[in-house]
Structures are given as structure tokens and as C-alpha cells.
Amino acid sequence: MSKRQLRDVDGPNGGRKRQRLVHETPTFEEIHTGRQLRQLLSFDQDLKRARHGIQSLKVFLDKFASDTNENNQQRLALLREYLESERPRIASEDAVYLSDLMETWAFGSQVHNDSITAAVPAVLALLLQIISGSLDLLPDATGIAQTLLQERQLKLIARNLSASKGSGFIISPTLRLLREVASLDGGALARRLFRARDFTFASFARNLEVRNSTDSGPEDPTKPSVRTNAIKLFMTCLKFLPGDAKKELLMQKEVVSHLTFLLKEDPAYLIVDMLQTLKKHVLMDDEVAREAKFRAFGTKTLDRLAGLYSYRHDEEAEGRPSVKDTVHGFLIHACTTPGSGILYTGTGLYPKDAKGRDAITQDVKDSDDFALERVGWLDKYRDEVPVANFVLDEFIQKMRPWSSLRQSELIVAIFAAAPELAASYFLANSAFSFEPKLSMTWIGYATFIFDTVQLPIPRYFGNRSRYHRIPPPTWVLLGNILPAPLKQKDLVRSLSSDSNLISFFATRILILALQKLREALRMHREAADGAANKSIWEAAARRLVDEFCQRIPDMKEVTKCYKAIPEEENVLQREAASRLLLLYYEVIPQMALMANYDVSSSLLDALGRLENMREDQRDQQEQALGLMELENLLAIAGYSPGMRWFAKAEGLGTSPFVALLRVYAGVSQERSLARLREVLEFVSTQNQVVQSKNGPGLLFCVPREVGKKHGDMLWKFLDNCVNRCAISPLKYMDLMEEIIEAGGSPSRSQPRSPVSLVLVTMVEQAPFAAKDASAEQMEALVRILSSFLGYAKRSGENERVIDVLAERLNTLLHAPAKVKPRFKAALLDADADADADADDDDSSKSNDSGVKTTSSKADHHAAEQPTTKALGDGRLEAILQAPLHAEEDNSALSKWVTKSIDDLVDGEYIPALMRLLWSEHLSIRQEALTNLLKMAAKIKESSYEEKDQLWLLLSELAESSKGLVPSGPVASPLVAFALHSVDIIKNPLHCLYPKVNMYLTRSPVWPADKMPLAHDIFHGEPSPDDRYYTEVSWLLTYLLDGLRTRADLAVFHHKKWFEKVLGLAANPYMRTNLVTRVLRVVYRATEIEGGSTTLVTRFGIVSWLEAQEAVRMEQGGGSEEEARLLRALRRRVWETCDQGRVGRWSKGEISEESMRAA
């Protein structure tokens, strides 16, 4: 066979041979005039010259981004000249702008020249980007865009967009050109561009998948791929298209599917921008139909978005949130907001088919004993629950909440928005059990279940305006209260686990479940009261309790867990276990009473532990938890009729009642012990130890007044008297009558108020207590008896009978000191400014002698000093007065919303919003509290450098104010501290910056009856730079703002802040301006009702001012002006106080005559 001949390359078939492609770099030249530019861009079939002109224009336009503004103005003038020369003669929508450039593009496409086909859209996109920013060139930009939307140019665009996947250099410029057209003049042509979607969105779904083939990871932002440009065009259209056009765009075939297909490999900035655009312009746009949103964000789309929780290419950039945070916020909004189109909120805790079955119950009568059985479908959802939100149901089944905190938060948020899904989710995931295994997976799953159980039951069980005719199915409701994985066997094993963490998790979950069950039963009762078929609701409540009791551990397992907790550890777990026991008694008493739990031993052990804590001076938080545990046990004891309150207990030395009384008296008054007080009042009055009206205060206040010095003798004596009185009350009633008759009682016709029997018992037992007592013990006993009688007299008991009891005691004791009814301290349960003149005449004389001597010396010293001109009231007010009432700017509730973070921090928006917490109007305080939380969230999401500290300050102020807002203005010290801390947080170089931040991290809530941070400055170490006086100056300014009301005055009084503030002025090195700040605090107190009286009778302000004035007069010189200021302030105190009471208190030493010199 002969060899095949080589084909003649120069013959007629030579053109069939594949041509070799050679990419030549285009040439360019500098452009100096518009005429030159027009000549360069004139149509020429020599494509090399045409490419030269286009490249020259591109280089010219590129310089706009890299040169100065002055040169750019010159170039813009050149462009204006060129565009004016290229304008069509007749302006219309069919007119063609830049006709030569359009002809060049069409010719290049006709001859398949890719360089021209790619270069023309690129240079047109750049040209539109530049001239669209100039107002006078905007008509030219609009004309060019309209030219591009003509049929001839649309075909060129479609041909470019349909190029092969490898021709990204052609597709990308075309997409950029379309994006410029869509965004031109605020989207004026966006709708017209979308109407031509057969051309402008040709192969759009395919282009969403074209990435740079050389990129192994996220693409280079300077070299965006076809997919990136397509996504940007998609986002631009969403921003400017109307609602109906957005719907058509979203429902285009495979657009959303291809948009989310390669998300994990997209750059971080693009994902963040895309999610923010979809959220703002689709989910939050009410004009977009719900159908479009529902179809666009189906299960597959949500799954792909959830895959971004594991995004690996995240980058930290200032001012831009991370991809994980952005997608988390997007999914929470999409899945929990009804307007987003995914969530359906019509069913609540009722399954999908419940409304159709509601008609079955209309013929069921309330008297029907088998009403619940007639609607037996309520009990059918044991294995499967049909749900209306099937998209969300499928979506959450694929997530792993035990391995991702964000996924756990998302599912819990979905459960809160669609409660029906909780039971369905756990039924479908029953394979994952709650069997205790101390691993990260178990801890994550337990945390997820805890958050789920913590969700509240929706109002009306999820119905919109009222209760259904029928209750929700038992198993659906139970699945929300106690999820299916929480089986009785696993809960028992968790409670008895050796791991404290596992048992604590189980305890807390059971506490939440019982609290939730209590709320569900309350809602059943509320629905039954207004329902025609009441029996159905009552039967459903009973069935719910029965099913719940079969799922939780027996009471004995809980008591076993409580008793197994070590005594010296786990104070928090003991408190939680005791609260769980109490909830058993309160919510499901049938289970609690079956266990026959004896609370006496646990109560005594708790008392013993609390005594040890006090002796060891444990942390205040531990003592608070111990008190909470004790209160829980006391409430349990209330359900136990066999509790022996007055029997001696081993290990305590006293009866349980006196031990509790000792605990109550030893706790600081700022801690709330309402339940403990209620128990003590109930037991003492029911056993006739004290009278029911005002007698319990006798046992509460006297021990605090006596103090720790005579505590041992007091408790021993009181325990003996209380126990005897409770055991034999009739005996002491007869004894009281005998003592009264022997002492000469008033006539029987005269009414006589009752007297506490414990006082009579004390009269009987006092001789035995004094039998072997030393002189010191005898003096203590007399003081104790005098205090008890004095309080009884002050609280309204029969004064004549009390005087008879005092005479009887003096007869029996034969002590050097006499028992006389007196109570030095104010009634601790009354107002802080109650009368203090309760001492008897002898005690007053002994005290008055000292007062007279001091006053006389002061008067004599003042008489020897040269007289000075008195300071007028106007001058005193100008120096010391600061505005008492803050100015309320209600506009602050709305002004801050539109401000940037820098404006918020540097302006007065934050302080103005804080001051509204002092408003007298409840609605304004509530709005201020809500806005503070919103502002804190906005700051938290910002890039402000000190955002965490500022967020913490606002959040703690809001948390501390929540309980105070409904009852009145928020405590002034809390708001004042926050106001003055803002400037410190903004300045890290401030000397108090470390102390403020340490205080903010100490506790999430500030006590309302304390002065935040004040103790750390007064008693703590100064800052390292030794700026003590700067700290004191800041503190005095803050204390001045924190003193506005009588409640604030009480805080200053009880916490002895006046003593500490006045002590500062005794420092000889204290500068004048700091002394003036101290005097401003005193002046502020005189402006408050009762403030001057408190200063005089409690803190001796008159003597203090006299002493300070004398020191200034001795120094002479410039100190005389300070002496005049002190004298004027002393006169101010006298004029604003209760002069009658002060005169009686001072036995006339402080009077108008003594103040006349001032």
C-alpha cells in the first residue's frame, strides 16, 4: 500500500488547518484632547488600530483612580468635550451614543475577535462608572446605557454572556457593564434591564458556577471571577428592582440553587455582602411575595447556608462581621421571622391537622365525664407529629447542635418561634439518648436540651388571640416541657452520677421542667374557666401531670442526690437540689407526699452549715446561696405539719426557731430574706410568743440593736424564754394578769392593748439568768431587758403594762443599773428617719452632759474669734448648689438610632438615655431600658475599640434596672455610676480604667442599695501612678449625682457614706476644691426632705462644721473665706432641719440663738 500524500497547505483546503492563536499586548498612546480621543475611537476595520484606540481610552480612564483630584478634573473636562462631540443629533431613546465604539464592538463580534469583544464592554463599564458620578455628565451616561439596551447591543451582550466557560475574560466585563447600567441614577434603568432578561441574563445560572480555574482556595479580590461578577450583578438588581421583578428574578430556574452551590469557596467579603443584601432586600422587603421567598429559601438552600458555619477562609477585617456571625444572624432572621416567608406561625403547640378536628368537640358537653375520650386523637401523637413548618423541620433534622454552639442557638430560636417543632425534632432524633457520659458531646447535647426546656410556653398555647376549644395534644405539650430523650432511667442515673457536672445538669433541667409544668397547668385552669367544655381542659391537665410523673425520677431519688452532696462543697448544687425538692411539693405534691421526706434533719444541717460559714467568714456569695437553700427548706417545712420548731436540736445548741432567728438577725439588711421572715412571723404568732400585729419586730430588731458584744448571752436567754412561752402560753397569760394586778392595773373599763407573752416569760426567767451572773453579765442582762421593753413600748404595746413589768424586774434583780424601757436605734422596719429620742431620762442626761460640754466649748471658742462677715444665701447657693433634678431629653429615645458609633460615644446620646431612667413616668423609663439594650447590641456588633467594656456597662445597668423600673425611678447611685464611667471607658489612660473594668467583670447586677465602686476607691489601693486625689475627685462628683431622693439618703445613712465623706475633709493635705466637693454633698443632703435632720441627729454635722470652721479661723489668711462658707452652710442646715426635733434631741443646745452667729 502506497504512502499517503501530504495535503497541499496552499491549496483550496489549506484554510481548514487550525490557526495558531497569538495574544499580542495592545499598544496605547497618551490622550490630550477630546478630538484626539474621537479620532482614536473612530470605526476602523483594521482591528489592530481599533484595539490601539480602545486601549488608549482604558489607560486614560484608569488614571482617574490613581491620580490627584486636580488632574482628574482636567481629564473630566476632556471627557466632557469628547462626549459632547459624540452626542446624537436627535436625542431620543432610539438614538445611538458612541456609535463608532458600538460599530467596533459589532464588527469584532462578527469576525469573532475575542480581544475586541472583551475590551469594548470593559471600557464602557469603566466609562459609565466615572461619568455617572458627575451630575452634568449624567445625561450622557443615561444615553449610553439606553443605547446598550437597544436590540443590536443586547444581542452582542447575550453573545458575550453565552461564551464558553473558559472565556471568562469576555463574560466578566459584560457582567460589570450590566451592573453599572442597573445601578445608574439610583437604579432608574434596572427594571428595563431586567425586562430584557432573555439577553441580559443569558446563561446567568451557568455563569454563577464559573470560577477561576487557577484558584485552589478563595479567589484573589483583585481578580474577581465570573461567578463573583454575576453575584454582584444579582445583588445590584435586588437592590433596585421593585417587588414583582424581584419575585421573577428569584424564581428564575436554578438561579438561587447555583447561587448557593459554591458558597464555601467564595471570598468572605462577597458572602457577607450577599447575605446582607438578601436579608435587607428580600427577607425584609414586604413587597416581595411570600411564595417567592418560600421557594427561594427551601431546605436545600438553608442546608447550604448552614454549611457556612464551618467556613474555613474567614478573615478578620475592621468594620465587617465574620462570615459565621453573618450567616448565623441571617438564618435566625429567616427562620424565626414570619415576614421572611419560611416560618408559619398559625399552629403553635397544635399539630397541622388540629384545627380541622376542632369541630369534633363542639357537641361535647361540659358535664360529659368521658369528654376527653371523645377527642381521643389528642393522645395519638406519640411517635410522629405532623407539622406545618415542614421546611424548618427537615432543615433542623440535619444539624448537629451538640457540636456547634451557633447551631444550638439557631435550633432553640426556631423552637421559640415554632413550638410545634420541638416535639417533632426530638421524636425523630430519639436515637441520641441522655445517658450520662462525661464527654464534650454529652455536655453539648445537655446544654442544648437545657436551653430548649428553658423556652417559655407560648401564650394561649400558640393561638393568636384566645384559647382553642380543645387543649393541645398531651404528647406535643409534654415534648416541649420534657423532651423525649429525657427518660426516667437516664435522669435517675444522672442524678446519682459521681460527676457533679452531670448531676447538676439533671437537677437544673428538672427544675426548669417543673416550672414549665406549673405554667402549663395554670394556663389549663385559665382556659377551663372561660371554656364551654371545661371538663376537657381539666382532664387534659390531669393526664399531663400523670404522663409527666411517669417520666421524671421519684422524690426519693432527688432526696438521695441532695443528701449525697458534700457539705463543704458545691453550695450552688445544694441550693439547686433544695429548690428541686420544693418544686416537687409545690407542683406535683402527690409524688412528694408519697416519699414521706423528713425535712427536719436537712433543715438542721443547713442551719449548721450556715453558722460555720459565718464563723469562717466565707464569701458573701456562698452565704447568699446558703440562705437561699435554707429558705427552700423552710418552705418545704411549711408542708410538714410535724416540724418541731421549739425542740432542742443536737449540734445547734438552740431550737430551730431561735437558730433561724439568729440567722435572720445576723444577715445584712440589704439582702432580701422575705421567705425566712414570713416563716418566723408565722411560727411566732401562731405559738403566741409575740402579738400578731407588730410583735414579730420585737424578735427581729432587738438582737440587731444589742449587737455581737452580748450575743451569746442574748441567744441563750432568748432561746429559753421563747421555748417556755411556746410550750405553755396559758401559764404566762395568767402570770401576766397576776403581775399587772400586783402592780396596780388600770380600771377594767379602760381598754388595754395586748402585750407579747415572751416579755412576761423574760420577767419570770430573769432571776434565774442573773443567779450566777458576774457584774458584766448582769449589766448585759439589764441592757437586753431594757431593749426588749423599749421596743415593745415604741411599737405600740401597752405602756402601763410595760412599766409594771420593768418595776417587777428591778424588784427581782436588785442590779446596780435599773431596767428601763429604752431602744436607742430607730425602728429598723420603719423609715430611715424615724425618731431617735427613745432613751430614758437618765440615759439622756448622761449623753447630754457630753453634748453640753462640747457645745459650750465650741461656743466659747467661737466667741473668742474675730467676727467675719456672713455669707449670703445667694453666694452659698452659687458655690455649693448643683442641679438636683436631671434634665429629661425624651428625644434621646429616637435620636441615637440614626447615629454612628463614633457619634454615640463622643456625643451626649448615651448619658441622655441613661438619665431617662430617673424619669417620673413609667413609659419613658421602660422605653429607656429597651433602648439601652438595643444600643448595647449595636455597640457590641460594631468595630469600636472599647466596645466590649461599653457593652458590658450598658448591659449591667439595664440588668440592674429591670426590677426597679416598674416601681419608680431607678436608684440614683446606679445611674450616676454608669454616667461617670462612660468617660473612663473611652479613655484607657484614665487612672480609674482598671478599677472600673474589674468592677464590671465582678457581677452582672449591681445592688440597688449600694454605691458601685465606692468601696474600692475609699478602701482599696490607689492606682499605680499614685493619683489618689484624682480618684477621690471623681468619686465625690459621682456621689453628688447619686444623692437625689429620700431613698438615696437612706443608702448614704445605712452604709455610713456620710461618715466616710466627712472624714475626707479632715485630711490636712486635702485641697480646697476637694473640700468644696465634700461640702456640696452636704448641701445636696439639705435639699432632700429630712436630710438636714438626719445629718444633725445621726452624724453630728453641726459639731463637724463648727470644728472645721474653727480650724480655718486659726489658720487665717485665705482660710477665712472657707470659714464663712462653713458658717453659712451650718445656718443652712439649721434652717432646713426639723428644728423642734433637733432641739429636743440636743436638749436645747442647738437652737435659733446658737445659730444666730451664723
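Residues numbered from 1 in each chain as written. Predicted model: local features only at pLDDT ≥ 70, side-chain atom pairs only at ≥ 80, totals over all residues. Heavy atoms only, no water.

### Here we look at the overall build of the protein chain
Per the secondary structure count, the protein chain includes 60 helices and zero strands. Split into buried and exposed, the 1158 residues of the protein chain put 52% on the buried side. A separation of at least 24 residues holds for 74% of the contacts in the protein chain among residues at least 6 apart in sequence. Of the roughly 55,000 Å² of accessible surface on the protein chain, 49% is carried by carbon and sulfur atoms. (Helix = DSSP H or I, 4+ residues; strand = E, 2+ residues; numbered from the N terminus. Buried < 20%, exposed > 50% of the residue type's maximum accessible area, 1.4 Å probe, protein only. Contact = heavy atoms within 4.5 Å. Areas by Shrake-Rupley, 256 points an atom, 1.4 Å probe, with all protein chains shown as cover.)

### Things to note about the state of the cysteines
Inspection of the entire model under this criterion finds zero disulfides. We note that C725 lacks a disulfide partner, and the nearest cysteine sulfur, in C721, lies 8.8 Å from it. C725 sits in the buried class, given a relative accessible area of 0%. (Disulfide = S-S within 2.5 Å.)

### A word on the confidence of the model for the protein chain
With 84% of its residues at a pLDDT of 70 or more, the protein chain has an overall mean of 80. The secondary-structure element of the protein chain with the lowest mean pLDDT is helix α42 (residues 841–864), recorded at 33, while helix α18 (residues 323–336) shows the highest, at 94. Between residues 745–753, whose pLDDT stays under 50, and residues either more than four places distant or in other chains, the model counts ten contacts. Considering only residues more than four positions removed or in separate chains, one finds that residues 825–869, a stretch of pLDDT under 50, has 62 contacts. (pLDDT = per-residue confidence, 0-100.)

### Side note on unusual backbone geometry
Within the chain, H112 stands out as a residue other than glycine whose phi angle is a positive 60°. Within the secondary structure layout, H112 lies in the loop between α4 (99–110) and α5 (114–131). For K1056, which is not glycine, the phi torsion reads 60° and is therefore positive. With respect to the helices and strands, K1056 occurs in the loop between α53 (1046–1054) and α54 (1057–1064).

### Side note on the packing of aromatic side chains
Any aromatic ring pair is given by two values, namely how distant the centres are and how the planes are angled relative to each other. Using the criterion set out here, one finds 28 aromatic pairs in the structure. Relative to W442, the ring of F434 has its centre 5.2 Å away and its plane inclined at 40°; by these criteria the two rings are tilted. Looking at W442, the relative accessible area reads 3%, which means it is buried. Judged by centre distance (5.3 Å) and plane angle (45°), the ring pair of F1052 and F1058 falls under tilted. Accessibility expressed as a relative area gives 2% for F1058, which makes it buried. Cluster of aromatic residues (ring-pair linked, three or more members): W402, F415, Y425, F426, Y445 and F448. Between K1060 and the ring centre of W1057, over which it is positioned, the NZ or CZ distance is 4.1 Å. Directly above the aromatic system of Y1083 lies the positively charged group of R1132, at a separation of 4.7 Å from the ring centroid. (Phe/Tyr/Trp six-rings, centres within 6.5 Å; stacked < 30°, edge-to-face > 60°. Lys NZ or Arg CZ within 6 Å of the ring centre and 35° of its normal.)

### A short note on the packing of helix α40 (residues 775–794) against helix α41 (residues 799–813)
Contact geometry of α40 with α41 gives a least axis separation of 9 Å together with a crossing angle of 170°. Here α40 is positioned roughly antiparallel relative to α41, judged by the angle of their axes. When α40 is examined against α41, the residues L781, L785, L789, A792 and K793 are found in contact with a partner set consisting of E799, I802, D803, L805, A806, L809 and L813. When grouped by side-chain class, the residues that make up the contact of α40 with α41 number nine nonpolar, no polar and three charged. (Axes fitted to C-alpha atoms, helices over the stretch in contact; angles between N-to-C directions. Parallel < 35°, antiparallel > 145°, perpendicular 65-115°, else oblique. Nonpolar A, V, L, I, M, F, W, Y, C, P; charged D, E, K, R; others polar.)

### A closer look at helix α28 (residues 534–551)
Look at α28: 26 Å from first C-alpha to last across 18 residues, which is about the 26 Å you get at 1.5 Å a residue. Taken residue by residue, α28 has S535, I536, W537, A539, A540, A541, L544, V545, E547, F548, C549 and R551 as its buried positions. (Expected span 1.5 Å × (residues − 1).)

### Observations regarding the side chain of S56
Inspection of the secondary structure assignment puts S56 in helix α2 (residues 47–62). Residue S56 is classed as buried on the basis of its relative accessible area, which comes to 1%. Among the polar contacts made by the side chain of S56, one reaches the main-chain carbonyl oxygen of H52 at a distance of 2.9 Å. Sequence-distant contacts of S56, defined by excluding residues within four places in its chain, comprise F28, E29, I31 and L40. (Polar contact = N/O pair within 3.5 Å; in protein donor to acceptor, adjacent residues only side chain to side chain.)

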